[in-house]
Amino acid sequence: MNLILLGAPGAGKGTQAEVISNTLNIPQISTGNILRAAVKNGTECGLKAKSFMDAGALVPDEVVIGILKDRIAEDDCKNGFILDGFPRTVPQAEALEDMGVQIDKVIEISVPDEDIKARLGGRRVCESCGATYHIEFNPPKVEGKCDKCGGNAVQRKDDAPETVIDRLKTYHEATAPLVDFYKGKGKLTTVYGQSEVSETSKLVLEAVNA
Ligand code: AP5
């Protein structure tokens, strides 16, 4: 099954993509994670992406489309995948169609902007393995340390409050039109993000299995 998770920054796409990935045994493809790894490794693509990401802006379509195309051509994607953070613009969605990729379902996770600001302000991410925490809703057992690998759990640069406001603006302008794009194709289900992660997971899995 080929799935897309849509939603504002911090809506819980990454959290829910991991749940679906473990349940259906298909890979989670997060363009944000791929780009952050490229920045960390200082690759040419990472150098191009860094300033956009730090400012809460979108990386140019041609860079991200190239990354995605290479990733879905890998062997582990042959039985399906979950796209987390792609597409983020209508041209990216059209590029997916041009590649001949059939999307089975698009699940939008809808969360009010005010809740997003609280979630991202408290988010901490492991520098080593990428596991996510929230200082209030889902804290690591030892403050600042990842439960899974013991790495440092830190705040992402783009989770600074002023950058979160810019990311939300970008979302409403460039990405939210994809809701109508996929609704028009009869593929969209909207799930309202709940205050409990497990409650949202239940709704997301119901939407996947519907
Ligand atoms: P990316 O990494 O994709 O960032 P994002 O969409 O802004 O998404 P996040 O990872 O911030 O949030 P999420 O929805 O995954 O939420 P999470 O599960 O972590 O992209 C980063 C940057 O890369 C972009 O700004 C852009 O520059 C670039 N980029 C990436 N893809 C691109 C593309 N296609 N085109 C162009 N540029 C691209 O949850 C958030 C927090 O909330 C966590 O702390 C979590 O614990 C908590 N939480 C989750 N669910 C709940 C719940 N139900 N209740 C309470 N807390 C919850």
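Details of the structure are given in the entry above.
This one's a predicted model, so the numbers in the text were calculated from it and none came from an experiment. (Residues numbered from 1 in each chain as written. Predicted model: local features only at pLDDT ≥ 70, side-chain atom pairs only at ≥ 80, totals over all residues. Heavy atoms only, no water.)

Student: Teacher, can you tell me more about the sheet that holds strand β4 (residues 105-110) here?
Tutor: Whenever strands of a sheet pair, they do so through backbone hydrogen bonds, lying parallel or antiparallel. Spatially, the five strands line up as an open sheet ordered β2-β3-β1-β4-β8, and their pairing is parallel. Of all strands in the sheet, those bounded by a partner on one side alone are β2 (28-30) and β8 (188-192). For this sheet, the mean angle separating the axes of adjacent strands, direction not counted, is 25 degrees. The pairing of β4 with β8 spans five bridges and is parallel. Each bridged residue has a counterpart across the sheet, and for Ile 109 the counterpart in β8 is Val 191. This element, helix α9 (residues 197-209), spans β1 (2-7), β4 and β8 of the sheet and lies at about 160 degrees to β4. (Pairing = 2+ DSSP bridges. Helix = DSSP H or I, 4+ residues; strand = E, 2+ residues; numbered from the N terminus. Axes fitted to C-alpha atoms, helices over the stretch in contact; angles between N-to-C directions. Contact = heavy atoms within 4.5 Å.)

Student: Help me out: how do you make sense of the site of the ligand in this one?
Tutor: Near the ligand there are 35 residues, and of these Thr 15, Ala 57, Arg 88, Arg 123 and Arg 167 occur at the shortest range. Here Gly 85 contributes a backbone N or O atom positioned 2.9 Å from a nitrogen atom of the ligand. Relative to its unbound accessible surface of 1,000 Å², the ligand loses 96% to contact with the protein. Counting only elements with at least two residues in the shell around the ligand, the list comes to α1 (13-24), α2 (31-41), α6 (113-122), β6 (132-134) and α9. In terms of residues, the shell around the ligand owes the most to one element, α2, which gives four residues. By residue class, the composition of the shell around the ligand is 14 nonpolar, 13 polar and eight charged. (Near = heavy atom within 4 Å. Polar contact = N/O pair within 3.5 Å; in protein donor to acceptor, adjacent residues only side chain to side chain. Areas by Shrake-Rupley, 256 points an atom, 1.4 Å probe, with all protein chains shown as cover. Nonpolar A, V, L, I, M, F, W, Y, C, P; charged D, E, K, R; others polar.)

Student: Is there a simple way to think about the packing of aromatic side chains in this case?
Tutor: To describe a pair of aromatic rings, you give the distance between the ring centres and the angle between the ring planes. Applying the stated criterion to the full structure yields one aromatic pair. Ring geometry for Phe 181 against Tyr 182: centres 5.0 Å apart, planes inclined by 80 degrees, an arrangement best described as edge-to-face. Residues Phe 181 and Tyr 182 agree in their burial class; the two are buried. Sitting above the plane of the Phe 181 ring, Lys 185 keeps its charged end 4.8 Å from the centroid. (Phe/Tyr/Trp six-rings, centres within 6.5 Å; stacked < 30°, edge-to-face > 60°. Buried < 20%, exposed > 50% of the residue type's maximum accessible area, 1.4 Å probe, protein only. Lys NZ or Arg CZ within 6 Å of the ring centre and 35° of its normal.)

Student: How should the nonpolar core be read in this particular structure?
Tutor: Buried together is how nonpolar side chains tend to be arranged in soluble globular proteins. One finds Ile 4, Leu 83, Leu 96 and Tyr 182 to be the most contacted residues of the largest nonpolar core, which totals 28 residues. Elements with a minimum of two residues in this core: β1, α3 (44-54), α4 (61-72), β3 (81-84), α5 (90-98) and α8 (177-183). The biggest single contributor to this core is α4, with six residues. When sequence neighbours within four positions are dropped, the list of residues in contact with Tyr 182 reads Ile 4, Pro 87, Ala 93, Leu 96, Val 106, Lys 187 and Leu 188. Of all hydrophobic cores here, the second largest spans 20 residues; its members include Leu 5, Ile 20, Val 164 and Val 204. (Core = buried A, V, L, I, M, F, W, Y, C linked by side-chain atoms within 4.5 Å.)

Student: Help me out: how do you make sense of the packing of α1 against α9 in this one?
Tutor: Helix-helix packing: each pair is described by the crossing angle between the helix axes and the interaxial distance. Two numbers describe how α1 lies on α9: the axes approach to 10 Å, and their chain directions differ by 55 degrees. In terms of orientation, α1 lies oblique with respect to α9. In the packing of α1 onto α9, the handedness of the crossing is right-handed. Each of Thr 15, Gln 16, Val 19, Ile 20, Thr 23 and Leu 24 in α1 lies in contact with α9, whose residues at this interface are Val 197, Thr 200, Ser 201, Val 204, Leu 205 and Val 208. Its residues assigned to classes, the contact of α1 with α9 shows seven nonpolar, five polar and no charged. (Parallel < 35°, antiparallel > 145°, perpendicular 65-115°, else oblique. Left-handed = near helix turned anticlockwise from the far one by under 90°.)

Student: Any chance you could explain the side chain of Gln 16 here in plain terms?
Tutor: Among the structural elements, Gln 16 can be located in helix α1. Apart from residues no more than four positions distant in its own chain, Gln 16 is found in contact with Leu 5, Ile 109, Val 197, Thr 200, Ser 201 and Val 204.

Student: Could you clarify how one ought to interpret α5 in this entry?
Tutor: It helps to recall that an α-helix has 3.6 residues per turn; residues three or four apart then point in one direction. Taken as a whole, α5 has its buried residues at Gln 92, Ala 93, Ala 95 and Leu 96. Axial view of α5: buried residues confined to an arc of 155 degrees, hence all on one face. Residues of α5 that are buried sit in contact with β1, α4, β3 and α8. Just beyond α5, the residue with positive phi is Gly 100, at close to 80 degrees. (Arc of directions from axis to C-beta.)

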